[in-house]
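One letter stands for each residue in the lines below.
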Amino acid sequence: MSRVGNKPVNIVSGVKVAVSGQTVSVEGPLGKLDFTFRPQISVAVEGTNVVVKRDSDERESKALHGLTRSLIENMVEGVTKGFEKKLEIIGVGWNAKLQGTKVVLNIGFCHDVPIQLPDGVSAECPNPTQIVLTGSDKQMVGQTAAVIRAVRPPEPYKGKGIRYQGEYVKRK
């Protein structure tokens, strides 16, 4: 039962962490997240820390130990600060707009492409060529951004497409 290389996760004030069986629940100002961890791992709340331990030093147990600790830390950060992904649309006349819980992309096809946002993820378009996705679940925000980007990924010849803000596209 070692904890080599991993520090405990600090619980920020205003966040409640509960462990019941194999499930960790984190509740904070921006929502509630749940995570079911593997049986090789044990999780305990000690004061203002969440301590993750493993039952053996096998390779899989070590990997699950670090993964579980990182996921719990991301849950605590998500319910306090939230996560954000920014996408840019590069192309003449290409744009995006919001219609309720859908992002509608006009990106050079003969039709508009509507993308339904999942629960827990919200979007805004500060200008027609920019999409900002926010939410408390890091995986869900990243997956939604990847789905939107996959509709028209950046191409290497003219650089047109949907890309993450700051993403470098190697031109040919």
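Above this text you will find the structure in question.
Residues numbered from 1 in each chain as written. Predicted model: local features only at pLDDT ≥ 70, side-chain atom pairs only at ≥ 80, totals over all residues. Heavy atoms only, no water.

Let's shift gears to the overall build of the chain. From N to C terminus, the chain includes two helices and 13 strands. The C-alpha radius of gyration of the chain comes to 20 Å, more than 25% above the 16 Å expected for a compact globule of 172 residues. Each principal axis of the C-alpha atoms in the chain carries an extent, and together these give about 60 × 35 × 20 Å. Burial analysis of the chain (172 residues in total) assigns 34% to the buried set. The contacts in the chain between residues at least 6 apart in sequence include a share of 49% that link residues at least 24 apart. Accessible area of the chain: about 10000 Å², with a carbon and sulfur share of 50%. In the chain, 24 side chains carry a positive charge and 17 a negative one; their mean positions are 7 Å apart. (Helix = DSSP H or I, 4+ residues; strand = E, 2+ residues; numbered from the N terminus. Rg over C-alpha atoms; globule rule 2.2 N^0.38 Å. Buried < 20%, exposed > 50% of the residue type's maximum accessible area, 1.4 Å probe, protein only. Contact = heavy atoms within 4.5 Å. Areas by Shrake-Rupley, 256 points an atom, 1.4 Å probe, with all protein chains shown as cover. Lys, Arg positive; Asp, Glu negative; His and termini not counted. Charge placed at Lys NZ, Arg CZ, Asp CG, Glu CD.)

Moving on, we get to the side chain of Arg 54. Mapped onto the fold, Arg 54 is located in strand β6 (residues 49-54). There is a polar contact of 3.3 Å between the side chain of Arg 54 and the backbone oxygen of Ser 56. At 2.6 Å, the side chain of Arg 54 and the side chain of His 65 are in polar contact. (Polar contact = N/O pair within 3.5 Å; in protein donor to acceptor, adjacent residues only side chain to side chain.)

This part is about helix α1 (residues 59-80). The end-to-end C-alpha distance of α1 is 32 Å, a good match for the 32 Å that 22 residues give at a rise of 1.5 Å each. Along α1, the residues classified as buried are Ser 61, Leu 64, His 65, Thr 68, Arg 69, Ile 72, Met 75, Val 76, Gly 78 and Val 79. Tucked inside the fold, the buried residues of α1 contact β1 (9-10), β3 (23-28), β4 (31-36), β5 (41-46), β6 and β7 (83-90). (Expected span 1.5 Å × (residues − 1).)

Direction of pairing for β7 relative to strand β12 (residues 130-135): antiparallel, over a ladder of six bridges. Bridging across to β12, Phe 83 finds its partner in Gly 135. Pairing between β7 and strand β13 (residues 161-164): four bridges, direction antiparallel. By the bridge assignment for β13, Ile 90 is matched with Gly 161. (Pairing = 2+ DSSP bridges.)

Right, let's talk about the sheet that holds strand β2 (residues 16-20) for a bit. Across the sheet, three strands lie side by side as β2-β3-β4; this open sheet has antiparallel pairing. The outermost strands of the open sheet, each flanked by one partner alone, are β2 and β4. With direction set aside, neighbouring strand axes in the sheet form an average angle of 15°. Relative to β4, β3 runs antiparallel, the two being bridged by six bridges. Across the sheet, Val 24 pairs through a bridge with Phe 35, a residue of β4. (Axes fitted to C-alpha atoms, helices over the stretch in contact; angles between N-to-C directions.)

What follows covers the pattern of salt bridges. Tallied over the entire structure, the rule returns five salt bridges. Asp 57 is the partner of Arg 54 in a salt bridge, and the nearest nitrogen-oxygen pair spans 3.2 Å. The exposure class assigned to Arg 54 is buried, which follows from its relative accessible area of 6%. For the salt bridge of Glu 167 with Arg 149, the shortest nitrogen-to-oxygen distance reads 2.7 Å. Separated by 18 residues along the polypeptide, Glu 167 in the segment after β13 and Arg 149 in helix α2 (residues 138-151) bring together distant segments of the chain. What makes Arg 149 partly exposed here is its relative accessible area of 21%. (Salt bridge = Lys/Arg side-chain N within 4 Å of Asp/Glu carboxyl O.)

If you trace the backbone, Ser 25 turns up in strand β3. Taking the relative accessible area as the measure of exposure, Ser 25 reaches 17% and is therefore buried. Separated by 103 residues in the primary sequence, Ser 25 and Pro 128 place their C-alpha atoms 37 Å from one another. Residue contacts for Ser 25: discarding those within four places in its chain leaves Lys 16, Val 17, Ala 18, Lys 32, Leu 33 and Asp 34.

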